[in-house]
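Structural description and commentary
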Amino acid sequence: MQAVIFIGIQGSGKTTFFKEIFFNTHLRVSLDLFRTRNREEKFLQTCFDTAMRFVVDNTNPTIQDRQRYISRAKAAHFKVTGYFFDSTLEEALFRNSLRKGKEIIPEKGIRATRNKLVEPSLKEGFDELYRVTLNKQGLFVVEEF
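First, a word on what this report is: a plain description of the structure on this page.

What counts, and where the lines are drawn
Residues numbered from 1 in each chain as written. Predicted model: local features only at pLDDT ≥ 70, side-chain atom pairs only at ≥ 80, totals over all residues. Heavy atoms only, no water. Pairing = 2+ DSSP bridges. Helix = DSSP H or I, 4+ residues; strand = E, 2+ residues; numbered from the N terminus. Axes fitted to C-alpha atoms, helices over the stretch in contact; angles between N-to-C directions. Contact = heavy atoms within 4.5 Å. Phe/Tyr/Trp six-rings, centres within 6.5 Å; stacked < 30°, edge-to-face > 60°. Buried < 20%, exposed > 50% of the residue type's maximum accessible area, 1.4 Å probe, protein only. Lys NZ or Arg CZ within 6 Å of the ring centre and 35° of its normal. Salt bridge = Lys/Arg side-chain N within 4 Å of Asp/Glu carboxyl O.

If you walk across this open sheet you meet the 6 strands as E2-E3-E1-E4-E5-E6, and the pairing is mixed. On the outer flanks of this sheet lie strand E2 (27–29) and strand E6 (140–144), each paired with one strand and no other. When the angles between neighbouring strand axes are averaged without regard to direction, this sheet yields 25°. Two elements, strand E1 (residues 2–7) and strand E3 (residues 54–56), share 3 bridges in a ladder whose sense is parallel. Paired with Ile5 across the bridge in E3 is Val56. Running at roughly 170° to E1, helix H4 (residues 63–75) makes contact with E1, E3 and strand E4 (79–85) of the sheet.

This paragraph deals with the packing of aromatic side chains. Taken as a whole, this structure holds 16 aromatic pairs when the rule is applied. Between Phe18 and Phe23 the ring centres are 6.4 Å apart and the planes differ by 75°, which places this aromatic pair in the edge-to-face class. Overall, Phe18 belongs to the buried group, its relative accessible area being 4%. Ring centres of Phe54 and Phe78 lie 5.7 Å apart, and the angle between their planes is 50°; this geometry places the pair in the tilted category. Of this pair, Phe54 sits in strand E3 while Phe78 sits in the loop between H4 and E4, and the two are 24 residues apart along the sequence. The cationic tip of Arg131 hangs over the ring face of Phe145; the distance from NZ or CZ to the ring centre is 4.4 Å.

Time to look at the pairing of E1. The buried fraction of E1 is high, at 6 of 6 residues. In the sheet, E1 pairs with E4 via 6 bridges, with the strands oriented parallel. If you follow Gln2 over to E4, its bridge partner there is Lys79.

With that settled, the discussion passes to the pattern of salt bridges. Throughout the structure, instances matching the rule amount to 8 salt bridges. In this structure, Lys74 engages Asp127 in a salt bridge whose closest nitrogen and oxygen atoms are separated by 2.7 Å. In this pair, Lys74 is assigned in helix H4 and Asp127 in the loop between helix H6 (107–116) and strand E5 (128–134), connecting sequence segments 53 residues apart. A salt bridge links Arg131 to Asp86; its shortest N-O distance comes to 2.7 Å. Taken together, the residues span a long stretch of sequence, with Arg131 in strand E5 and Asp86 in the loop between E4 and helix H5 (89–97) at a distance of 45 residues. The class of Arg131 is partly exposed, set by a relative accessible area of 21%. Using a relative accessible area of 33% as the deciding quantity, one classes Asp86 as partly exposed. Linked by salt bridges that have partners in common, Asp86, Glu119 and Arg131 make up one network.

Any functional reading would require information that these geometric values do not contain.
Rendered as structure tokens:
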């Protein structure tokens, strides 16, 4: 049983990474999909009750945001893996500009998330923690913290 928690500002590649790496093996938990914490909570509880692997595809910029998931996953005996999407503000704003319609995030929202972002640490309770960057060819590079 695995709980994966993504950490990173909007436009840093989290959802694309999910589609490339976890789409066929894990369920996606995202406030973009559920729109409310109540819906998210019900879905998470189902994952815990059924031992279903999942990925939390939210920004999770603060330690408190991440603890919402880490503490519950640990209590349910899940292995907790974190992926920190280490992107500059400029890179994220550029990728955001390539989005269409309602997928575009207002720049001030991305800047606000960046201002709150705290780099994660194994001390938070992660069993594994990785840094994800994009190389010049646009490919994901994953390295252990």
